[in-house]
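Examination of the molecular architecture
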Amino acid sequence: MVSSSQIKIKIEKLAIGGAGIARHDGLVIFVPQAAPEDELLVEFTNKKKNFAEAKIVEILKPGPSRRTPPCPVANVCGGCNWQHITEEEQRRQKESLVLETIKKFNPTLEFEYLPLKESPRVFRYRNRIQPKYHNGKFGFFARNSHDIVEITDCPITEEVLTAKFPEARAFAEAKKSKDLLRMEMYISDQEEVRFGLITDEDDGIGFSQVNRFQNEDLLKTALEWAGDHQYEHVFDLYAGSGNFTFPLAAKYKNSGITAVELNPKLVERGRAQNKDKRLRYFLSDVESYMKRASVGKQDLVLLDPPRAGASEYIMRALAASQAKKIIYISCHPVSLARDLKWFFEWSQKLGHKYQLAKVQAFEMFPQTDHVETIAELRVD
Ligand SMILES: C[S@@+](CC[C@H](N)C(=O)[O-])C[C@H]1O[C@@H](n2cnc3c(N)ncnc32)[C@H](O)[C@@H]1O
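So, here's what we can say about the structure. Owing to the predicted nature of the structure, the values given are computational and were not obtained by experimental measurement.

What counts and what doesn't
Residues numbered from 1 in each chain as written. Predicted model: local features only at pLDDT ≥ 70, side-chain atom pairs only at ≥ 80, totals over all residues. Heavy atoms only, no water. Near = heavy atom within 4 Å. Polar contact = N/O pair within 3.5 Å; in protein donor to acceptor, adjacent residues only side chain to side chain. Nonpolar A, V, L, I, M, F, W, Y, C, P; charged D, E, K, R; others polar. Pairing = 2+ DSSP bridges. Helix = DSSP H or I, 4+ residues; strand = E, 2+ residues; numbered from the N terminus. Axes fitted to C-alpha atoms, helices over the stretch in contact; angles between N-to-C directions. Contact = heavy atoms within 4.5 Å. Parallel < 35°, antiparallel > 145°, perpendicular 65-115°, else oblique. Left-handed = near helix turned anticlockwise from the far one by under 90°. Core = buried A, V, L, I, M, F, W, Y, C linked by side-chain atoms within 4.5 Å. Buried < 20%, exposed > 50% of the residue type's maximum accessible area, 1.4 Å probe, protein only. Domains from an automatic or database assignment. Expected span 1.5 Å × (residues − 1).

So, on to the site of the ligand. In the vicinity of the ligand there are 17 residues, among which Gln209, Glu261, Asp285, Val286 and Asp304 approach most closely. In the environment of the ligand, a nitrogen atom lies 3.2 Å from a nitrogen or oxygen atom belonging to the backbone of Leu262. At a separation of 2.9 Å, a nitrogen atom of the ligand approaches a polar side-chain atom of Asp304. When its residues are assigned to classes, the shell around the ligand shows nine nonpolar, five polar and three charged.

This part is about the pairing of strand 3 (residues 20–24). When strand 2 (residues 13–14) meets strand 3, the two strands line up antiparallel, connected through two bridges. Bridging from a neighbouring strand, Leu14 pairs with Gly20 of strand 3. Between the antiparallel neighbours strand 3 and strand 4 (residues 27–31) lie two residues, among them Asp25 with a positive phi of about 50°.

Before going further, it helps to spend a moment on the sheet that holds strand 20 (residues 372–379). Spatially, eight strands are ordered 7-19-20-18-17-14-15-16 in an open sheet, and the strand pairing comes out mixed. Looking at which strands have only one partner, the edges of the open sheet turn out to be strand 7 (112–117) and strand 16 (279–283). Between one strand and the next, the sheet's axes are offset by a mean angle of 15°, whatever the strand orientation. The strands touched by helix 4 (residues 212–226) are strand 7, strand 17 (300–303), strand 18 (325–330), strand 19 (354–362) and strand 20; relative to strand 19, the strand with the most contacts, the crossing angle is about 165°.

Further remarks concern the packing of helix 8 (residues 312–321) against helix 9 (residues 333–350). Two elements in contact, helix 8 and helix 9, have axes whose closest approach is 8 Å; the angle formed by their N-to-C orientations is 45°. One way to sum up the angle between helix 8 and helix 9 is to call them oblique. In this structure, helix 8 meets helix 9 at a crossing whose hand is right-handed. Residues Glu312, Met315, Arg316, Leu318, Ala319 and Ala320 of helix 8 form the contact with helix 9, whose own contacting residues are Asp339, Trp342, Phe343, Trp346, Ser347 and Leu350. Looking at side-chain class alone, the contact of helix 8 with helix 9 contains eight nonpolar, one polar and three charged residues.

Core analysis: the largest hydrophobic core is formed by 51 residues, its most contacted members being Phe138, Phe244, Leu248, Leu300, Ile329 and Ile374. For this core, the element with the most residues is helix 4, which contributes six residues. For this core, the two domains that each supply at least three residues are domain 2 (88–121 + 211–379) and domain 3 (128–198). Apart from residues no more than four positions distant in its own chain, Leu248 is found in contact with Leu223, Val234, Asp236, Ile257, Leu300 and Leu302.

For helix 9, spanning 18 residues, the distance from its first C-alpha to its last is 25 Å, which sits close to the expected 26 Å at 1.5 Å a residue. Each element contacted by the buried residues of helix 9 is listed here: helix 1 (87–105), helix 8, strand 18, strand 19 and strand 20.

Structure, rendered in structure tokens:
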């Protein structure tokens, strides 16, 4: 039976955050776990003036890309929100989401938009995960909750890690703790599986690229787009433990190299690897660093900020620097689009002629709505 708070809708497309979008009586409705072209009976869970959120009551007619998720817990686990959609459609949605978001913030910006790069693996790609343990249950948080969904496997995680689930569970069990235990499991630089607890004192290894198969291509693309110019100086901002820093140093043999990173553990790992006198690793917030940095016209800047993006101050400083080329690597299309807006507004105010030469989305996180993007900015 259809109640008065239930309506029938058809999903147009997917949104950043993963929900499906439909329109009804002037309202934009966001529906989690929807697939493009699904015809659904939904019930409102939150209704505002211009938009609403709704949950699926019944799938009246599934869209052509809807499928049964390969993972048996995909519908309840908080990990993957797009497993019910074919990989081809996931890629199509991400490619258009990145373009639409950049255009929304920057309607007049012209640029070459290259086709999304597929990930070599769509399952078994994750090399770092954060399982939990509580009351005898080992698994991940359920969607929108701190209940634990028990797992014996995780199909998006590399097999060498999932093979260690029994050991990791026994390790947590042996703690005999009544508290919820947060854990981290990862493949180390030495190709060993490591796991341990995340605590207030020890927050884990910090950032690392979770899809090493696709990271190879991202790295290759970043180096290609950076080009063959002999830059005076190369800056790697938000450098982590040097994923881009060391390949950049190897390519630009006559340039000074600077890496800037806020997490002391990552800086320590980067410094430990560094045998090159030209390379300086700064433990610093990027904004504070930019207040004293002297980036010049013959320099290359690569920045790879977290999901929150950079800041207006940083984008303004980059526009003011007239750096020959800027490679922006992003894991959130909205912060990328907003940062590009700040960058071009400031270059225009300062009379500096930059162009957004090209943009390409990378499928780094299959089965989820997350997407990586690379953008090249250069002086016209
Ligand atoms: C998306 S990761 C990129 C790391 C690295 N480029 C890589 O590929 O492994 C973003 C990095 O920025 C660092 N970070 C976050 N906020 C920062 C800030 N305000 N200043 C400097 N680094 C920051 C994080 O610790 C993390 O290592």
